[in-house]
Every structure is written in structure tokens, then in C-alpha cells.
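As a plain string of letters, each chain reads:
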Amino acid sequence: MTQPQRPRPPAVLAELRRYRATGGHGLPDHLTLAGLRPLPGGRNNTVYAWTPAPGRDTQIIKLYKDGERGRGEREWAALVALHAARPGDAPAPLWADLDHPRPAIGMSRLPGVPLPELDTGRYGTALPALAALHRRIHHMPIPGALAKVPRAGSWAHPAAHRRVADRTRRRR
């Protein structure tokens with residue numbers, strides 16, 4: 001699934017990939033000065049907010065640990081489909097660099113505050129709104145090519161068959 005893309009930031013991606021390959025955490029000064037800041041979360045990837053220049057929109061850069069299991073391709077396809085069906089409910093897909101051993105995607109930043117940073121007095125409205133958003137997204141019909149992509153971890157995905165076979169062998 002494709003979409004017209006903004007140009008990806010090759011210098012920023014090269015520096016991020018080089019830094020992550022060394023096992024570094026946080027960010028060195030030259031990347032912070034380039035407008036990058038790490039965001040919390042991401043078990044199988046690292047996530048950064050990037051403001052390319054003062055006054056420009058902040059992008060989110062998601063850098064995947066590796067290209068295995070097609071995580072980047074699946075997320076890109078989902079972002080394209082969600083943005084087409086429900087603009088504003090999910091980040092807009094901006095660019096994808098999926099042919100690299102450490103794939104990356106860029107997306108818009110949605111307004112708001114991460115739940116851990118939200119004033120607990122606002123949970124009463126924020127949590128029901130989040131639940132309603134999840135319902136809208138999960139009830140969205142899955143379009144064309146995306147409908148044929150097996151969910152990683154589901155029984156339809158080949159990796160799930162391998163995991164079950166491995167567990168069965170270990171129990172014997």
C-alpha cells in the first residue's frame with residue numbers, strides 16, 4: 001500500500017541508525033541540536049519526535065530494530081488505510097524507508113499529551129475518549145491489500161506456527 005510521500009530525511013536517518021547500531025540510549029548532543037528528542041515507549045523500535053526547523057511541524061520517526069516480521073510494512077499499510085478512512089484518528093503517513101535493514105517510517109504528530117503525563121484529574125474524559133477512538137479504529141473495514149496481510153503473532157502468520165512447533169518440541 002503506497003501513498004504520495006514527503007521526502008524522508010536521509011541525513012537524520014543515517015545518524016539515528018548509526019547511533020542506534022552502537023547501542024546508545026538517549027541522544028548525543030548533535031542529534032538533539034538537529035531537532036530530535038526520544039519519546040517513551042516502543043518495545044521493538046525506537047521513537048523520536050523531530051522538528052526539522054523552528055516553526056515547522058513536528059514529525060514522529062519510528063526506527064525499527066530490524067526488518068524481520070515486516071513490522072514497518074504493516075504499520076505503514078495501516079497508517080495509509082487509517083488516514084484514508086478516518087483522517088485525524090491516526091497519524092498521517094509522511095514517508096517510509098522500508099528497504100533498509102533497520103526500516104523507518106515518518107508520521108505526523110497528533111495533538112495531545114501522553115497518558116503518563118496527563119493530569120490525573122483529566123482521566124475521566126481522556127480514557128473514555130481513548131476507548132471510543134480504539135472502537136472506531138477496530139471497527140474500520142480493512143481495505144484491499146491490507147486485508148491480506150496476516151497479523152504478526154496471529155495463527156495466520158507463519159511465525160506463529162513456528163512458535164507453537166518449538167513449544168511442542170520443548171515439552172516432549
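See the structure printed just above.
Residues numbered from 1 in each chain as written. Predicted model: local features only at pLDDT ≥ 70, side-chain atom pairs only at ≥ 80, totals over all residues. Heavy atoms only, no water.

Q: Help me understand a nonpolar patch on the surface in this model?
A: Judged by side-chain polarity, Leu 115, Leu 127 and Leu 130 come together as a nonpolar surface patch covering roughly 210 Å² of accessible area. Following the sequence through the fold, Leu 127 ends up in helix 4 (residues 123-138). (Patch = residues over 30% accessible without salt bridge, like charges linked within 9 Å, V, L, I, M, F, W, Y side chains within 5 Å. Areas by Shrake-Rupley, 256 points an atom, 1.4 Å probe, with all protein chains shown as cover. Salt bridge = Lys/Arg side-chain N within 4 Å of Asp/Glu carboxyl O. Helix = DSSP H or I, 4+ residues; strand = E, 2+ residues; numbered from the N terminus.)

Q: Please explain the nonpolar core as it appears in this structure.
A: Nonpolar side chains tend toward joint burial in soluble globular proteins. In this structure, Val 12, Leu 16, Leu 27, Leu 31, Leu 36, Ile 61 and Trp 95 are the most contacted members of the largest nonpolar core, which totals 14 residues. Elements with a minimum of two residues in this core: helix 1 (10-21), strand 2 (45-50), strand 3 (59-64) and strand 4 (93-97). The dominant element in this core, judged by the number of residues it contributes, is helix 1, at four residues. Not counting residues within four places of it along the chain, the set of residues in contact with Leu 16 comprises Leu 27, Leu 31, Leu 36, Tyr 48, Ile 61 and Leu 63. If you look at the next biggest cluster of nonpolar residues, it comprises 10 residues, including Ala 49, Ile 60, Tyr 64 and Trp 76. (Core = buried A, V, L, I, M, F, W, Y, C linked by side-chain atoms within 4.5 Å. Buried < 20%, exposed > 50% of the residue type's maximum accessible area, 1.4 Å probe, protein only. Contact = heavy atoms within 4.5 Å.)

Q: Even after reading the chapter, I still don't get the pattern of salt bridges, so can you show me in this structure?
A: Proximity of charged atoms lets side chains of opposite charge pair with each other. Counting across every chain of the model gives six salt bridges. For Glu 15, the salt bridge identified is with Arg 18, shortest N-O distance 2.7 Å. Taken together, the residues Glu 15 and Arg 18, both in helix 1 and three residues apart, mark about one turn of the helix. You can call Glu 15 partly exposed: its relative accessible area is 24%.

Q: Even after reading the chapter, I still don't get the sheet that holds strand 4, so can you show me in this structure?
A: Within a beta sheet, neighbouring strands are joined by backbone hydrogen bonds and run either parallel or antiparallel to one another. Taken in spatial order, the five strands make up an open sheet running 1-2-3-5-4, and their pairing is antiparallel. At either margin of the open sheet sits one strand with a lone partner, and together these are strand 1 (36-39) and strand 4. With strand direction ignored, the average angle separating the axes of adjacent strands in the sheet is 25°. Examined bridge by bridge, strand 1 and strand 2 share four bridges and lie antiparallel to one another. The residue bridging Arg 37 from the neighbouring strand is Ala 49, located in strand 2. Packed onto the sheet, helix 1 meets strand 1, strand 2, strand 3, strand 4 and strand 5 (104-108) and runs at close to 40° relative to strand 3. (Pairing = 2+ DSSP bridges. Axes fitted to C-alpha atoms, helices over the stretch in contact; angles between N-to-C directions.)

Q: Teacher, can you tell me more about the pairing of strand 3 here?
A: Two faces, one strand: in a regular strand the side chains alternate between the faces of the sheet. For strand 3, a buried count of six out of six residues is recorded, marking the element as mostly surrounded by other parts of the structure. Neither face of strand 3 is left uncovered, since the one carrying Gln 59, Ile 61 and Leu 63 and the one carrying Ile 60, Lys 62 and Tyr 64 both have all their residues buried. Taken together, the six bridges between strand 2 and strand 3 define a ladder with antiparallel strand orientation. Note that in strand 3 the partner of Trp 50 across the bridge is Gln 59. Where strand 3 lies against strand 5, five bridges are found, and the strand directions are antiparallel. Paired with Gln 59 across the strands is Ser 108, a residue of strand 5.

Q: Honestly, the pairing of strand 5 in this entry has me stumped. Any pointers?
A: Strand 5 sits mainly inside the fold: five of its five residues count as buried. Every second residue of strand 5 is oriented toward a common face, with Ala 104, Gly 106 and Ser 108 on one face and Ile 105 and Met 107 on the other, all of them buried. When strand 4 meets strand 5, the two strands line up antiparallel, connected through four bridges. Residue pairing across strands places Asp 97 opposite Ala 104, the latter belonging to strand 5. Once strand 4 ends, the chain turns through six residues before running back antiparallel as strand 5.

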